Amino acid sequence: MPRLASVPRHVPRRRRLAVIGMSLIAAVLMAMLPTPPAFAGEAAEPDTTALAGPLARQQITWEPCGLGSVTAEQEAALRLACATVTVPRDWHDPKDGHTLQVRISRTVATGADRKGILLVNPGGPGGSGLSLAPYVALAGPAVGEHYDVIGFDPRGVGQSTPLWCSVTFDSEIHNTNDKITQAKVAGCRSTELTKYITTEQTTYDMDFIRGLLGEPTMNYLGYSYGTWLGTWYAATFPGKVNRMVLDSVAAVDSPTLQQTWDLQPLTRDRAFQEQLMPYVARHDDVYGRGTDPMAIRQLWERAGGTRLGMGPFMFGWYILGALYDTENYGVAAAAVDYVIDYYEQWNGWTPEQLLADATAKLLARPELTAGQRAYVEEAAAKARAALKAGAKPAESASEYTYDVDYVFEAIRCQDGQWNQNVGYWRAFSDRLTRDAPLVAPYMQDPPACAYWPTTNAMPAVDQKTFPKVLMLQSELDVATAYEGALSAARHLPGARMISVDNEGSHGVFPYYTTCVDDRVHAYLLDGVLPGDKFTACQAVPLPGETTVHEVGGSLQPKGAVRTQLISDDMRAANKMLKRMLRTEPGPSYPE
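These figures come from a predicted structure and were not determined experimentally.

S.K.: Explain the overall build of the protein chain residue by residue, including any values.
M.R.: Within the protein chain, the regular secondary structure consists of 19 helices and 13 strands. Against the globule reference of 25 Å for 591 residues, the protein chain gives a C-alpha radius of gyration of 23 Å, in line with a compact fold. Counting only C-alpha atoms, the protein chain reaches 70 × 60 × 45 Å along its principal axes. By sequence separation, contacts in the protein chain at least 24 residues apart represent 79% of the contacts at least 6 residues apart. Of the accessible surface of the protein chain, which amounts to about 22300 Å², a share of 52% is contributed by carbon and sulfur atoms.

S.K.: Before we move on, could you go through the packing of helix H8 (residues 258-282) against helix H10 (residues 293-302) and cite the residues and values that matter?
M.R.: It is the contact of H8 with H10, at a shortest axis distance of 8 Å, that shows an interaxial angle of 110°. Classified by the angle their axes make, H8 and H10 are roughly perpendicular. Along the contact surface, H8 presents Asp-269, Phe-272, Gln-273, Met-277, Pro-278, Val-280 and Ala-281, while H10 presents Pro-293, Met-294, Ile-296, Arg-297 and Trp-300. Across the contact of H8 with H10, the residue classes break down as nine nonpolar, one polar and two charged.

S.K.: Describe the side chain of Ser-505, naming the residues involved and giving the relevant values.
M.R.: Inspection of the secondary structure assignment puts Ser-505 in the loop between strand E10 (496-501) and helix H18 (514-526). At a separation of 2.8 Å, a polar atom in the side chain of Ser-505 contacts the main-chain amide nitrogen of Thr-326.

S.K.: Now, about the confidence of the model for the protein chain: what can you tell me, with residues and values included?
M.R.: Overall, the prediction assigns the protein chain a mean pLDDT of 90, with 91% of residues at 70 or greater. Between residues 1-42, whose pLDDT stays under 50, and residues either more than four places distant or in other chains, the model counts 167 contacts.

S.K.: Break down unusual backbone geometry for me, with residues and values.
M.R.: With an omega dihedral of 0°, the bond running from Gly-124 to Pro-125 counts as a cis peptide bond. Backbone geometry at Ser-248 places phi at a positive 65°, although glycine is not the residue there. Assignment of secondary structure puts Ser-248 in the loop between strand E7 (241-247) and H8.

S.K.: Residues and numbers for the packing of H10 against helix H12 (residues 329-342), please.
M.R.: It is at 8 Å that the axes of H10 and H12 come closest, and there the two elements cross at 55°. Considering their axes alone, H10 and H12 lie oblique with respect to each other. Pair H10 / H12 crosses with left-handed handedness. Contact residues: H10 offers Ile-296, Leu-299 and Trp-300, while H12 offers Val-336, Val-339 and Ile-340.

S.K.: Explain the state of the cysteines residue by residue, including any values.
M.R.: Scanning the entire structure with this criterion turns up four disulfides. Each sulfur in the disulfide pair Cys-165 and Cys-188 lies 2.1 Å from the other. Linking Cys-165 in strand E5 (residues 165-170) with Cys-188 in helix H5 (residues 177-189), this pair joins segments that are 23 residues apart in sequence. Taking relative accessible area as the criterion, Cys-165 reaches 0% and is therefore assigned buried. Across the disulfide, Cys-413 is cross-linked to Cys-449 (sulfur-sulfur distance 2.0 Å). Judged by the sign of its S-S torsion, about -85°, the bond between Cys-413 and Cys-449 is left-handed.

S.K.: Account for the sheet that holds strand E9 (residues 470-474), naming residues and giving values.
M.R.: Read from one edge of the open sheet, nine strands run E1-E2-E4-E3-E6-E7-E9-E10-E11, paired in mixed fashion. Each end of this open sheet is capped by a strand with a single partner; those strands are strand E1 (81-88) and strand E11 (534-538). Averaged over all pairs of adjacent strands, the angle between strand axes in this sheet comes to 20°, irrespective of strand direction. Pairing between E7 and E9: three bridges, direction parallel. When the sheet's bridge partners are listed, Leu-246 is paired in E9 with Met-471. The sheet contacts of helix H7 (residues 225-236) involve strand E3 (116-121), strand E4 (147-153), strand E6 (218-223) and E7, and relative to E6 the element is tilted by about 150°.

S.K.: Please give an account of helix H16 (residues 422-435) that cites residues and values.
M.R.: Over its 14 residues, H16 runs 20 Å from end to end, which matches the ideal 20 Å to within 8%, given 1.5 Å per residue. Of all the residues in H16, the buried ones are Trp-425, Phe-428, Ser-429, Leu-432 and Asp-435. Along the long axis of H16, the arc covered by the buried residues comes to 140°, so they all point the same way. Of the exposed residues in H16, those oriented more than 90 degrees away from the buried face are Asp-430 and Arg-434. Along its buried surface, H16 packs onto H8 and helix H19 (568-583).

S.K.: Can you break down the environment of Ala-386 residue by residue, with the values?
M.R.: On the secondary structure map, Ala-386 appears in helix H14 (residues 370-390). For the pair formed by Ala-386 and Arg-155, sequence separation is 231 residues and the distance between their alpha carbons is 23 Å.

S.K.: I'd like a rundown of the pairing of E7, residues and numbers included.
M.R.: Of all seven residues that make up E7, six are buried, and the element is covered over most of its length. Examined bridge by bridge, E6 and E7 share five bridges and lie parallel to one another. If you follow Leu-221 over to E7, its bridge partner there is Val-245. Regarding the hand of the β-α-β motif, the stretch spanning E6, H7 and E7 is right-handed.

S.K.: Just give me the short version of the pattern of salt bridges, but keep the residues and values in it.
M.R.: Applying the stated rule across the entire model yields 25 salt bridges. When the shortest N-O distance is used, the salt bridge between Asp-337 and Arg-289 registers 2.6 Å. Note that Asp-337 is positioned in helix H12 and Arg-289 in the loop between helix H9 (284-287) and H10, a separation of 48 residues in sequence. Across the pair Asp-357 and Lys-361 runs a salt bridge whose closest N-O atoms are separated by 2.8 Å. One end of the pair, Asp-357, and the other, Lys-361, are both in helix H13 (residues 351-363), four residues apart, so they sit about a helical turn from each other. Assessed through its relative accessible area of 27%, Lys-361 is described here as partly exposed.

The rules behind the values
- Residues numbered from 1 in each chain as written.
- Predicted model: local features only at pLDDT ≥ 70, side-chain atom pairs only at ≥ 80, totals over all residues.
- Heavy atoms only, no water.
- Helix = DSSP H or I, 4+ residues; strand = E, 2+ residues; numbered from the N terminus.
- Rg over C-alpha atoms; globule rule 2.2 N^0.38 Å.
- Contact = heavy atoms within 4.5 Å.
- Areas by Shrake-Rupley, 256 points an atom, 1.4 Å probe, with all protein chains shown as cover.
- Axes fitted to C-alpha atoms, helices over the stretch in contact; angles between N-to-C directions.
- Parallel < 35°, antiparallel > 145°, perpendicular 65-115°, else oblique.
- Nonpolar A, V, L, I, M, F, W, Y, C, P; charged D, E, K, R; others polar.
- Polar contact = N/O pair within 3.5 Å; in protein donor to acceptor, adjacent residues only side chain to side chain.
- pLDDT = per-residue confidence, 0-100.
- Left-handed = near helix turned anticlockwise from the far one by under 90°.
- Disulfide = S-S within 2.5 Å.
- Buried < 20%, exposed > 50% of the residue type's maximum accessible area, 1.4 Å probe, protein only.
- Pairing = 2+ DSSP bridges.
- Expected span 1.5 Å × (residues − 1).
- Arc of directions from axis to C-beta.
- Right-handed = clockwise from strand over helix to strand, strands pointing away.
- Salt bridge = Lys/Arg side-chain N within 4 Å of Asp/Glu carboxyl O.

Spelled out as structure tokens, the structure:
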């Protein structure tokens, strides 16, 4: 991607982490699956080939993928092809006659020293992985040289059998966000396919794909939720794992994904105050907001912050995504500047009007790179689609039914029991208002998982048989907290963790520094893990800068980073906001 300064930088992560569950406004849901068997280390691993019966004899028919992100020349060079695999709908009852389709993609190793297959997953849950295979092979040529890279759309997603939940709304009853969420949960739980769209079922699909490809073992690269998926696979099929890289690690030592999501509000407030505000302050020549990060935060809050006006929209669609990928910090800074500059002119625009104006003004900014403009256009397209999807059908009756894509909610809610005490979530919201006020306005109601009981659970990690994995983690990751990854590294036997100090992006590899990539290549290509439990690497400069600025926690002698979920700067910002709300009148917006 073009840069403002000619310094090395990693490839844009938004291309490989297309669906990570980034929107704070999006709703979330689940269904019940019988408790899976716990496969202890001494017990035999499930044999998916035997379980699948006649399906194990199917022939894979490769055909062109037609992926818009890959050129014809790239497709030919990678020998990229796609195929559809038929899998049992329920791996607990594989002979019940019901099946699903799973779409897979493959690039072929370009070198003579082929190492096997590398299955990749972009996260989500619910992220399409077909395009990730060619991305990994192109962005990491050493990997593409030695591996057939296998991408796939997990069950319920994309070109695989999709999950659509039929939801009925009554505007007279479902007249609050919380009641709308409960209606969505009810609709999704009553959809027959939902209970089969789980991480557990997907791990069986993965192993079945391995068997169909004739591979005795699998290598794996998973990002974000893909680290949870990879850990579940390794706990279920430890003998089938050769090498596994977990990039941007969920709290895999927790019995549920709740902890991963509970940490996100704090990590997002932290990145906003610790890294984005100082970035805006260092570029007073561009944004003209002064050189004091706290004063800039005060200007943002005085314009309504994320509480009211245009700030909630701009944060949800332009700023948050840029916090996931620091290459787009220029867009996030410009969006902050836009809110401060134009909030008095807002005049009660509709979301569609605000989107059109903001997009035009952001694209007109001369400091944005071509890649950052592409991010603006992509974010605007997603916002337009969301606004269209969220519109009530033009019907005269108060009750209406339509299908919604709820695979994200179905998976994260069914992968382990979330707290179902509504009082707990009310108290959680109160804590966020105090400790993470930037994100708190988006999280005033219980999540969908609070209304969705499940008995499903990840198998226990066997300390003797679980494979040794390599973990990669950014210090200020806003989706998978550094604290969760650090705990996971200490939990998984033999794991090694590479920390990228002062980096905020979600998704590390390939990073294009020798400190990170050489160690990943040593493991993937030669099976050599770092000698120490923890290894620290330095970040690369932010856009338009030539030096790395120290932010967040402090690097420790043994290679980990000592962090604070609520930093001193966050506390100061929170106190400032509390004082301002008490003593200053807020911005006046039209009704």
